[in-house]
Amino acid sequence: MAGAFAMFISLFLTPAFIWAFRKLEWGQFIRDDGPKTHHTKRGTPTMGGLVILFASVVSYFVAKLVNGESPSMSALLVIFMMLGLGAVGFIDDFLKVRKQQSLGLGGWAKIAGQGLVAVVFAVLALQFPNDRGLTPASTKISLFRDLPVDLFIWGSVIGTGLFILWIYFMVASTSNGVNIADGLDGLATGAAIMAIGAYVVIGFWQFNQSCRTAVENINACYEVRDPLDLAVIASAIVGACVGFLWWNTSPAQLFMGDTGSLGLGGALAALAVLSRTELLLVLIGGLFVIVTGSVIIQRGFFKLTKWRTGTGRRVFLMSPLHHHFELKGWAEITIVVRFWIISAMCVSAGVGLFYFEWIYGI
């Protein structure tokens, strides 16, 4: 219900947002140093992430209301993370539009905004235990389940600090990864649908395989708070992205902007933390890891060669990786579809590994 309603809202309400953004002159600014083919996109309405955020949140609460249920703390934390980072992205987008330049928030200002949201999320995630004493997040680093390494082994004060740093790393890397991937029409939206969709499967599976139902393989049993509600909010976000993709696919009539990419990245990080699958996110978000890695490699190699020879050299024609293939002459839609295929393979590998571990208890 949440997913279907969110898709309905974003699919049929997006034209109204496009009209409003054009009236407000919230058009995309295109960098001069980017691919020349992108100059035709100048002025395309941006900040479309507002549609995704609105549809996701409204549909989640409507679904809970219809079922006569109260929102869970885990789902509320995902919503907080998504809206918090979405707000940081909105400020960045608004400054770009107002100044008509590619730089909105400064680097340190964006880091501070992400850090503030991450710290509040981390503190709240260790509060509000349920009737079984289970808090939304765990202080242990998790792959498929809590690993033996507990951040609180060095004491509660140091452990809390380490946990906050870990959450910040998760939030910053994931949100920036989705943001970097948002360079071609529909690329980040389609990849986000698959990655966040994985947590619909994971949440539903964890709900059906809880410790209260595990009999044959007790090794595969571990507690996650509100797994079914994590699946519900993930479904709402996926539905909102599916409806948005109708208008965001090539040629895009609306861009999600940093409002959407940072918000979706924050939601993805929150889902990984609260489902105890933080390290598995490297596979599930594999495409985001790849495109972010291409930027790190490009910058690192350029600085290294400039330091050693005086002349900086590049590995790729341009980073992120999708721009490299644009300059090689690939059609935009070809790059997007092939990157979607890569994302699908990464998500399939992540969910498959998760399922295999649950069945065999490795």
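Everything numeric in this text was worked out from a predicted model, so none of it was measured.

Draft legend 1. Fine view of the overall build of the chain. A tally of helices and strands in the chain yields 12 helices and two strands. Across the chain, helices and strands are ordered from the amino to the carboxyl terminus as α-α-α-α-β-β-α-α-α-α-α-α-α-α. Relative to its 362 residues, the chain shows a buried fraction of 52%.

Draft legend 2. The arrangement of the layout of surface pockets in detail. In this model, the second largest pocket occupies a volume close to 410 Å³. Contributing to the lining of the second largest pocket are 21 residues, with Phe207, Asp226, Pro227, Leu228 and Asp229 lying nearest its centre. Looking at the lining of the second largest pocket, the elements that each hand over two or more residues are α2 (49–66) and α7 (227–248). Broken down by element, the residue count for the lining of the second largest pocket peaks at four residues, all from α7.

Draft legend 3. The arrangement of the packing of aromatic side chains in detail. Evaluated as defined, the whole model comprises nine aromatic pairs. Between tyrosine 60 and phenylalanine 61 the ring centres are 5.3 Å apart and the planes differ by 75°, which places this aromatic pair in the edge-to-face class. Directly above the aromatic system of tryptophan 330 lies the positively charged group of arginine 338, at a separation of 4.8 Å from the ring centroid.

Draft legend 4. Expanded view of the confidence of the model for the chain. On average, residues of the chain score 87 in pLDDT, and 86% of them are at 70 or above. Contacts from residues 213–220, a stretch scored under 50 in pLDDT, to residues over four places away or in other chains number 10 contacts.

Rules and cut-offs
Residues numbered from 1 in each chain as written. Predicted model: local features only at pLDDT ≥ 70, side-chain atom pairs only at ≥ 80, totals over all residues. Heavy atoms only, no water. Helix = DSSP H or I, 4+ residues; strand = E, 2+ residues; numbered from the N terminus. Buried < 20%, exposed > 50% of the residue type's maximum accessible area, 1.4 Å probe, protein only. 1 Å grid on protein atoms, 1.4 Å probe; cavity = no way out; pocket = protein on both sides within 12 Å on 5 of 7 lines; lining within 4 Å. Points joined across faces, edges and corners; volume = space filled by probe spheres on them. Phe/Tyr/Trp six-rings, centres within 6.5 Å; stacked < 30°, edge-to-face > 60°. Lys NZ or Arg CZ within 6 Å of the ring centre and 35° of its normal. pLDDT = per-residue confidence, 0-100. Contact = heavy atoms within 4.5 Å.

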